[in-house]
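Chain and residue survey
Residues per chain, in single letters:
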Amino acid sequence: MYDVILLSLAEGSPADAGACGSSCGGCGVLEKEACDTPRVPVRECADALKAGGALVEMITAHSDAEIDEVIARLDGPTRADGLTWPASDSRVRLVVASATDGQLRAVVRRLVRRYAPPPSKRPADLAADRTVPDLPPIAILPLDVANTTDLAAQLGLPRVPSAVAEAVLSGRTRRLDLLRNDGGSVTVDGALVGGVDDDGRALPWRGRVEVDDAVLSGGDDPILACAIGNGAGYAEFDGLRLLAEGNAEDGTVEVAVAVPMLVKKRFKGTKIRIEVRRARGRAVSVLPRDGELQFLDDGVAGSMNRKRSWWTEAGAWAVYAG
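Residues numbered from 1 in each chain as written. Predicted model: local features only at pLDDT ≥ 70, side-chain atom pairs only at ≥ 80, totals over all residues. Heavy atoms only, no water.

**A short note on the nonpolar core**
The nonpolar side chains of a soluble globular protein tend to be buried, and buried together. The line we're drawing: In plain words, nonpolar cores are sets of buried Ala, Val, Leu, Ile, Met, Phe, Trp, Tyr and Cys residues tied together by side-chain atoms within 4.5 Å. Throughout this description, buried means an accessible area under 20% of the type-specific maximum (1.4 Å probe, protein chains only), exposed means over 50%, and partly exposed covers the range between. Going along the chain from the N terminus, every DSSP run of H or I of four or more residues is numbered as a helix, and every run of E of two or more is numbered as a strand. Should any heavy atoms of two residues lie within 4.5 Å, those residues are considered in contact.
Counting 35 residues, the largest nonpolar core has L94, L104, V108, L135, I138, L178 and W317 as the members making the most contacts within it. By residue number, the principal contributor to this core is helix α4 (residues 101–115), which donates 7 residues. Not counting residues within four places of it along the chain, the set of residues in contact with L135 comprises L111, V112, Y115, R175, L178, A316, W317 and A318.

Shown next, in the form of structure tokens:
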């Protein structure tokens with residue numbers, strides 16, 4: 001049978017998302033030891049795994065280094081070229097307990113950092129359209145059971161702890177596309193570029209948005225929002241449909257920009273219509289024209305003041321799907 005690691009991210013860990021995801025109501029409310037206590041879904045999943053014959057270890061990580069220690073147990077034998085890649089037949093299976101897609105992303109990012117070879121040591125057996133080998137599958141244990149828009153919900157993955165355990169024990173997996181970016185991170189669901197004011201209204205911004213060879217905005221349009229979708233988490237913004245379809249298994253990224261357009265009507269004056277421009281491709285870049293630009297990436301807030309690029313790597317990571 002398999003060894004299963006149930007990994008949770010603790011308060012103050014590099015989860016990118018601010019909250020630890022516990023029932024304490026947010027980080028800083030309880031003492032560190034309380035946040036380290038396995039949450040109910042984690043314990044229930046562990047019990048179901050043990051009932052299925054697995055050896056289970058529950059780990060709470062407080063840092064990237066501690067996440068890396070867990071991931072190292074998925075390593076295969078050192079290759080002749082000196083690279084460390086994941087084992088193809090590992091006895092260890094990993095479950096990530098996550099309250100947000102940002103927490104899930106934190107673990108996937110460390111998988112990429114461990115197994116992506118440096119450009120100077122790129123091996124001949126790495127696919128031409130990849131910078132990473134096939135990453136080892138992970139199971140997602142959602143801690144926010146009421147969330148209907150996170151990645152696990154979009155993919156139709158099991159959400160009940162016993163069902164997650166069953167998926168891990170079955171060994172059935174789905175390979176998913178991964179968005180990498182030149183900021184050194186990854187995107188498992190999507191990003192929304194553009195800020196809002198104190199009332200939640202979009203703040204227009206200008207920037208050049210390109211998808212492969214298609215230009216969605218040359219930098220002169222007042223853009224209300226730009227959605228970059230590996231999944232469907234950012235398909236809508238302020239009631240407006242941006243992405244036509246979220247698909248994390250088609251090898252492409254879908255991008256949409258919402259631009260207000262003045263429409264003159266005879267005898268009726270001028271009205272504003274929101275035009276949504278869409279494109280699909282392997283890579284997207286956003287170049288701000290007016291200084292710092294806010295964005296959300298897998299629900300994690302950030303900002304940029306120079307060009308940022310995302311590119312998709314088809315089938316680079318995988319989940320246990322039951």
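**What about the environment of G156?**
By secondary structure assignment, the location of G156 is in the loop between α5 (151–155) and α6 (161–170). For G156, a relative accessible area of 61% translates into the label exposed. Residues G156 and A321, spaced 165 residues apart in sequence, show a C-alpha to C-alpha distance of 8.5 Å.

**Describing the packing of aromatic side chains**
The test is simple: Only Phe, Tyr and Trp rings are paired, with Trp represented by its six-membered ring, and only when their centres lie within 6.5 Å; those with planes under 30 degrees apart are stacked, over 60 edge-to-face, the remainder tilted. By definition here, charges over rings are those cases where NZ of Lys or CZ of Arg is within 6 Å of the ring centre and within 35 degrees of the ring normal.
Applying the stated rule across the entire model yields 0 aromatic pairs. Lying across the ring of W85, R79 places its NZ or CZ 4.0 Å from the centre.

**Some thoughts on α4**
How we decide: What a helix is expected to span follows from its residue count: subtract one and scale by 1.5 Å.
Here α4 is 15 residues long and its end C-alpha atoms lie 21 Å apart, about the 21 Å a rise of 1.5 Å per residue gives. Counting buried positions along α4 gives 13 out of 15 residues, so the element sits mostly inside the fold.

**Observations concerning the packing of helix α3 (residues 64–71) against α4**
Any two packed helices are characterised by how steeply their axes cross, that is the angle between the axes, and by the distance between the axes. What counts, and what does not: Angles shown run from 0 to 180 degrees and are taken between the N-to-C directions of axes, each axis being a line fitted to C-alpha atoms and, for helices, limited to the stretch in contact. Any angle that is under 35 degrees is reported as roughly parallel, and any over 145 degrees as roughly antiparallel; angles of 65 to 115 degrees are reported as roughly perpendicular and all others as oblique. The handedness criterion is simple: a crossing whose near helix is rotated anticlockwise from the far helix by less than a right angle is left-handed, and one whose near helix is rotated clockwise is right-handed. Gly is put with the polar residues, along with every residue not named as nonpolar or charged; the nonpolar set is Ala, Val, Leu, Ile, Met, Phe, Trp, Tyr, Cys and Pro, and the charged set is Asp, Glu, Lys and Arg.
Axis separation between α3 and α4 bottoms out at 10 Å; the angle between their running directions is 65 degrees. Relative to α4, α3 is oriented roughly perpendicular. Crossing handedness for the pair α3 and α4: right-handed. On α4, the residues touching D64, I67, D68 and I71 of α3 are V107, R109, R110, L111, R114 and Y115. Split by residue class, the contact of α3 with α4 holds 5 nonpolar, no polar and 5 charged.

**Looking at the pairing of strand β9 (residues 214–218)**
What counts, and what does not: Here, strands pair whenever DSSP counts at least two bridges between them.
In terms of strand pairing, strand β8 (residues 207–211) meets β9 through 4 bridges, oriented antiparallel. Across the sheet, V211 pairs through a bridge with A214, a residue of β9. Here β8 folds back onto β9 in antiparallel fashion, the turn holding 2 residues, of which D212 has a positive phi close to 55 degrees.

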